[in-house]
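# What the coordinates show
Spelled out, the chains give:
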Amino acid sequence: MTLALTVNSTSHTIEIADENTPLLWVIRDMLELKGTKFGCGKAACGACTVHVDGEAVRSCSYAVKFAEGKQITTIEGLGDEKNPHPVQQAWIEEVVPQCGYCQPGFMMATAALLEKVSSPTDDDIDKNIINVCRCATYYRMRKAIHRAAALMSSLPLPESQNT
Amino acid sequence: MNVKIALIFSLLLFAGLIVGFTDSVATSEYTAVVYNQSDSPLPNRNFDKMMDVLTHQRCMNCHPNDNIPKQGDESHPHNFGVAGGENDHGFQAIKCTTCHQPENNAYSGVPGAPHWGLAPASMAWEGLSRAEIAESMLNMKTNGGKDHKALVKHMTEDELVLWAWQPGVDASGKLREVPPVSEAEFKTAVKQWFANGAVIPSE
Amino acid sequence: MNQDKKNTKKVSRRSFLVRGGLGTAGVLALGTYLFRNPIRRVVAGAINTADAPFSGNTDTPIVWFEVTTDNYIVLHSPKVEMGQGTFTGLAQMAADELEVSMTQMRVVHANSASGNVDGFATGGSTSISSLWMPLRELAATMREMISSEAAKKLNVNTSDLSITDGVITGGGKSMTYAEAVMGVKDWKVPDTPKLKSLSDYKFIGKPIARVDLNDKVFGAPIFGMDATLPDMLYGAVARPSLIGAKYIDANTSKAENMPGVVKIIKEKDFVGVVANSYIEAHNAKDAIEVEWETDKNWSTADIRAMVEVGKGKAYVIQKEGHPDESLEDPTETIISEYWSPIGAHAQLEPNGALASVEGERVTVMISTQVVGLTRDEIAKRLDLDKNEVNVVPTFLGGGFGRRLHTPNAVQAAVLSKAVGKPVKCFFTRKEEFQNDTFRPPTHHVLKAKLKIDGTIEALEHNVSSGDVAFGSPIVPRIAEPVLGADLGAWRGGMIQYGAIANYQAISWRVKLPFATSWWRSLGLLANTFAIESFMDELAVKTNRNPAEFRLAHIQDDGRGKRLKSVIEAVVEKSGYSDEVINGKAMGFAVSTDTNTPCAQVVEVSIHEAEIKVHKVTCAMDPGLVVNPDQVRAQCEGAIIMGISAVLYEKMEVVDGALTPTIYGPYQMALMKHAPKEIDVVLLQGAEVPGAVGEPPLGPIGAAIANAVFRLTGKRLREMPLNLDKNIVS
């Protein structure tokens, strides 16, 4: 079947036999955007987190058919080196990543949180950021989340971010 | 005597189906388990059938008394500290819909149905007796203002309620257990129980 | 400076080769001297104290550096980057001797065809320490080589040249490294130049931002799972759920008709499928009916019974004085037992590889900690020369020891050969959890006798563990009869209190029916949990402050001095106290791992039987610190990973299968479990870099358990620490 997707503000038309294929694999292997990670395929680790119409969604558990007509944002669309999203900027300033594999999922989850709660408390962070990081970079992540909140409140948001 | 034998026979058949069901990938049908409604010796047959369903973990897991959804056939607290939050649909950014979509996902084993979420705290059934659950359900102050007609419609037509009979596979690919009464039977029992005045038997 | 010498082996002129005008080759042949000493205890002591050797390629020209035309320096790292920050540290070391800026440094993984493949592995917290001398010498040598070419081109004496940011200036003229390098055919290799003094370094010792930061923040496709090749297909291999399952045969008739299937491949030892997509490959694999043979239906209880001290074979790995005699009288001997469970690696990127077999040429892109071994195993299976197999390491989505064995690369290569196209073949998460090379469960029996003055007369540590190093393909078979005891299992298991007159450590070796192997810090986590919990028991028994009690038993040599320093530093920084204040208690513990002492104090409270760690103070002496920010990051991560293992993680064996098979049920520390304060104090008790990535995992378990004791009076003896729900603090 043919599906029309909008990913990072770009329209794509894909041909896919199984409309229940997880959105993750379409993003990674058909659209060649590798920043969204496979960690468990069970919506448990959060490495595959993307935004669907601005909401955090775990793409390994999201049939691609549901994505038709929606705005999908991946880590590649969140920001880039020239125009980083405040969350990415904060991640750089706090030097958060170690192995780095889970980090896009965490940044996407954080960006979604900051859209809802501009200045999250530690409790908000504990409840909403429940991805898994085996390097256990949580200590710096928490600092980076608070920093991102500060960056977002004092700086104008870049145009390209967050469809 | 005949009635007893028929009942035992159908119970055995039912047990066999349950056992067979766990190893089968086919969707279960309960058509073999038909109680003879007019001859039943059980006075509260409709109520009991309805409650057999409502107290099953497919229903109870999302009617908790602590805002924490339960998971699995043994009803453990939802992994990762997930809770219903203020609106029973999750926290600000991690919502039920972050993982749960309008239908089950066979690849991840994450269950799904429209408006997936917790029942409101007023409809917390965890820890209540069958009669107390029924009272809570009938009370328009706690049930979201539903009269009998609306309740029947909710219980026999709502997709999230009826998900209990299409619960899909879990994370390890095993089919989830369904309530011990078939969907058709449940609907009939609900309709008859309300039609007969929604009488809650004394415990 | 003595330690400096051990690691010093000058780059010889003869072995310094140059290829293509851009590459240089360096050779350091320190090999496997660790295993040559036949006296077990001496060897054991040596491993515990030795500086890390670098065991890189010894006989062929290999690329270390490239100078690009736009004047970047590309360092081909023989060590892989799995989060530990090695790329950044190596870049700092090279940049300082090369006289280039950090922004001019690029670091890539050396591939096995052209780069320097480390014969050992990336692991054991040795990457920076083992390359400390060789890499700087190589960089300094290359700087001299380039500058002598520049002198010729600029027509000035080399002594009149100065270098800043890779630009050579002399006689009023200047040229870039790139310009100096271009066109040179015959390189003159000088004697290894004198290295700069530490105070002259601009980057070493500074908190330089990670060189891989942008790639990891903007989602660059840098991991094994991100690798692609044209016409690539997807593979999946059936893996067993049951312990000890051997592949017998498979009925593939159903799978053959599944959508997207290209080919089903039946080998003597596995069955796999190649399909057009990841999902189709795994759907088809799931439709294969595999016949597995198993001999026993294992349970957690079976495993626990096997691991008991006394069941396996005993090896004394450390002995001083007369501990047996001192501990003879049971009425005067204090005995305690501790347990740790099976632990999973649970790294986020599943194992897998992208393999391309074209005739006799094989290319494999993979997250591996053993580039050379991966290459050798593929060559062996496909009956090819090693030189025909190029292993291209990618960034690792977590290592932790899980990628020290990569049979999956062989499987991917076999699948690729069968279809004549590149095949990417990865584990599912369930397959990861059930086919892991687990941290082995352990049992510890500690014995002590106290003197009348409250000090220790004799101390004994028995550790029984499944294998860690033995059975691993990177440890030579010869090591087993020589060592007897598993060097991984007893890591951290020796007694660090040299002022005690009589002590010994005994390692009991148990062969378990499932794979156990390297897990970050190896035995250190469980061994320190046991020894330092026991030391706390003794301190409590003798009414001593736990830190002072440790200090009283440490010898006055160089190691002892460093050990005392971290204890004193952590006590001062944390303000350690035995008092319970506002429902919070402190816990103290200290460990020494491969020459790096580390002491920690934790602040813990208990709420509804849940142990909460609020703050961790960590004082560590890893010697010279190349990048203090990344050493701190390693401490923070190791501490939280330790908290995860100590408070939550546990694999069970149920009906013959390892379980759970997914995150969540396999409980791990999440954001909410991480302490909100981590205070790291770094001491420098040596002038060379030592181990960093693993030592901070040592003290955390005992520190938490010791704090819980102060809150509850209850001594928790089993990981994961679990308080009875009835206990109220």
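Residues numbered from 1 in each chain as written. Chains lettered and ligands numbered in written order. Predicted model: local features only at pLDDT ≥ 70, side-chain atom pairs only at ≥ 80, totals over all residues. Heavy atoms only, no water.

As annotated in an unreviewed UniProt entry, chain C is Xanthine dehydrogenase family protein molybdopterin-binding subunit from Pricia antarctica.

An unreviewed UniProt entry lists chain B under the name Cytochrome c domain-containing protein, from Pricia antarctica.

## What about the overall build of chain C?
A count of helical and extended segments in chain C gives 19 helices and 28 strands. Residues counted as buried form 65% of the 729 residues belonging to chain C. By sequence separation, contacts in chain C at least 24 residues apart represent 78% of the contacts at least 6 residues apart. Summing over all exposed atoms, chain C offers an accessible surface of approximately 26100 Å²; the carbon and sulfur share of this is 49%. (Helix = DSSP H or I, 4+ residues; strand = E, 2+ residues; numbered from the N terminus. Buried < 20%, exposed > 50% of the residue type's maximum accessible area, 1.4 Å probe, protein only. Contact = heavy atoms within 4.5 Å. Areas by Shrake-Rupley, 256 points an atom, 1.4 Å probe, with all protein chains shown as cover.)

## Quick look at the packing of helix α15 (residues 524-541) of chain C against helix α19 (residues 700-712) of chain C
Think of two packed helices as two axes; the pair is described by the angle between the axes and how far apart they sit. Residue and element names in this part refer to chain C. The contact between α15 and α19 brings their axes to 7 Å, and the two run at 35°. The crossing of α15 and α19 is right-handed. Residue-level inspection shows L525, T528, F529, E532, S533, D536 and V540 of α15 in contact with α19, the latter providing I700, G701, A702, A705, N706, F709 and R710. Of the residues contributing to the contact of α15 with α19, the split by class is seven nonpolar, four polar and three charged. (Axes fitted to C-alpha atoms, helices over the stretch in contact; angles between N-to-C directions. Left-handed = near helix turned anticlockwise from the far one by under 90°. Nonpolar A, V, L, I, M, F, W, Y, C, P; charged D, E, K, R; others polar.)

## Overview of the sheet that holds strand β5 (residues 105-109) of chain C
Residues and elements named next belong to chain C. With mixed pairing, the three strands of this open sheet are ordered in space as β3-β4-β5. On the outer flanks of this sheet lie β3 (65-67) and β5, each paired with one strand and no other. Neighbouring strand axes in the sheet, compared pairwise and without regard to direction, differ in orientation by 25° on average. Of the pairings in the sheet, the one linking strand β4 (residues 73-77) to β5 comprises five bridges and is parallel in character. Within β5, the residue paired with V74 across the bridge is R106. In the packing of helix α3 (residues 86-98) onto the sheet, the strands contacted are β3, β4 and β5, and the crossing angle to β5 comes to about 135°. (Pairing = 2+ DSSP bridges.)

## Re the side chain of T428(C)
By secondary structure assignment, the location of T428(C) is in the loop between β19 (423-426) and α13 (429-434). Excluding anything up to four places from it in sequence, T428(C) contacts Y278(C), H282(C) and K285(C).

## Let's talk about the interface of chain B and chain C
At the interface, five residues of chain B touch eight residues of chain C. Regarding the contact of chain B and chain C, the summed buried area is about 540 Å², with carbon and sulfur atoms giving 72% of it. On the chain B side of the contact with chain C, N79(B), F80(B) and Y107(B) bury the most area, a combined 73% of that side's loss. Remark: the boundary between chain B and chain C carries zero salt bridges. (Buried area = accessible area lost by both parts, 1.4 Å probe. Salt bridge = Lys/Arg side-chain N within 4 Å of Asp/Glu carboxyl O.)

## Describing helix α5 (residues 130-138) of chain B
All buried positions along α5(B) are accounted for by A131(B), I133(B), A134(B), S136(B), M137(B) and L138(B). Contacts from the buried residues of α5(B) go to α2 (45-54), α6 (148-157) and α8 (183-195) of chain B.

## Considering the packing of aromatic side chains
Residue and element names in this part refer to chain C. Under the definition given, this model contains 17 aromatic pairs over all chains. Summarising the aromatic geometry, the rings of Y247 and W292 are spaced 6.0 Å apart at their centres and angled 75° between planes, so their arrangement reads as edge-to-face. Of this pair, Y247 sits in strand β10 (residues 246-251) while W292 sits in strand β13 (residues 289-293); the two residues are 45 residues apart in sequence, bridging distant segments of the chain. Under the relative-accessibility criterion, Y247 is labelled buried at 12%. Look at W292 and you get partly exposed, because its relative accessible area is 29%. Measuring from centroid to centroid gives 5.8 Å for F438 and F514, while their planes differ by 85°, and the two rings are edge-to-face. Here F438, found in the loop between α13 and β20 (442-450), pairs with F514, found in the loop between β22 (502-510) and α15; they are 76 residues apart in sequence, far enough to count as distant. Given the relative accessible area of 1%, F438 is considered buried. (Phe/Tyr/Trp six-rings, centres within 6.5 Å; stacked < 30°, edge-to-face > 60°.)

## Here's the deal with the packing of helix α18 (residues 628-647) of chain C against α19(C)
Residue and element names in this part refer to chain C. Their axes nearest at 9 Å, the elements α18 and α19 cross at an angle of 60°. The orientation of α18 relative to α19 falls into the category oblique. Here the hand of the crossing between α18 and α19 comes out right-handed. Contacts from I639, G642, I643, V646 and L647 of α18 reach α19 at I700, G701 and I704. (Parallel < 35°, antiparallel > 145°, perpendicular 65-115°, else oblique.)

## A look at the pairing of β5(C)
On β5(C), burial follows the alternation: M105(C), V107(C) and H109(C) on one face are buried, whereas R106(C) and V108(C) on the facing-out side are not. Note that the unit made of β4(C), α3(C) and β5(C) has a crossover that is right-handed. (Right-handed = clockwise from strand over helix to strand, strands pointing away.)

## Some words on the interface of chain A and chain C
Counting residues at the interface gives 51 residues for chain A, matched by 57 residues for chain C. Of the roughly 4500 Å² buried between chain A and chain C on both sides combined, carbon and sulfur atoms contribute 65%. Considering only the surface of chain A that becomes buried against chain C, Q98(A), R134(A) and Y139(A) emerge as the three largest contributors, covering 20% of it. Taking the shortest distance from any N to any O, the salt bridge between D226(C) and R28(A) comes out at 3.1 Å. Joining chain A to chain C, the criterion identifies 20 residue pairs in polar contact (both at pLDDT 80 or more). Residue assignment for the side of chain A that touches chain C shows that the elements contributing at least two residues are α1 (23-30), α2 (75-78), α3 (86-93), α4 (103-116), α5 (122-128) and α6 (138-154) of chain A. Per-class residue counts for the side of chain A that touches chain C are 28 nonpolar, nine polar and 14 charged. (Polar contact = N/O pair within 3.5 Å; in protein donor to acceptor, adjacent residues only side chain to side chain.)

## A closer look at the environment of S162(C)
Residue and element names in this part refer to chain C. Locating S162 in the fold gives a position in strand β6 (residues 162-164). Put simply, S162 and S174 are twelve residues apart on the chain and 9.2 Å apart in space, counted from C-alpha to C-alpha. Those residues within four positions of S162 in sequence are excluded, and the remaining contacts are V167, I168 and T169.

## A closer look at the UniProt feature "domain: Aldehyde oxidase/xanthine dehydrogenase a/b hammerhead" (unreviewed entry) in chain C
According to UniProt, the positions carrying the feature "domain: Aldehyde oxidase/xanthine dehydrogenase a/b hammerhead" (unreviewed entry) are residues 218-296 of chain C. Helix makes up 16% of residues 218-296 of chain C and strand 34%, whereas the separation of the span's terminal C-alpha atoms amounts to 48 Å. (UniProt positions renumbered as here; feature names shortened; annotations may be inferred.)

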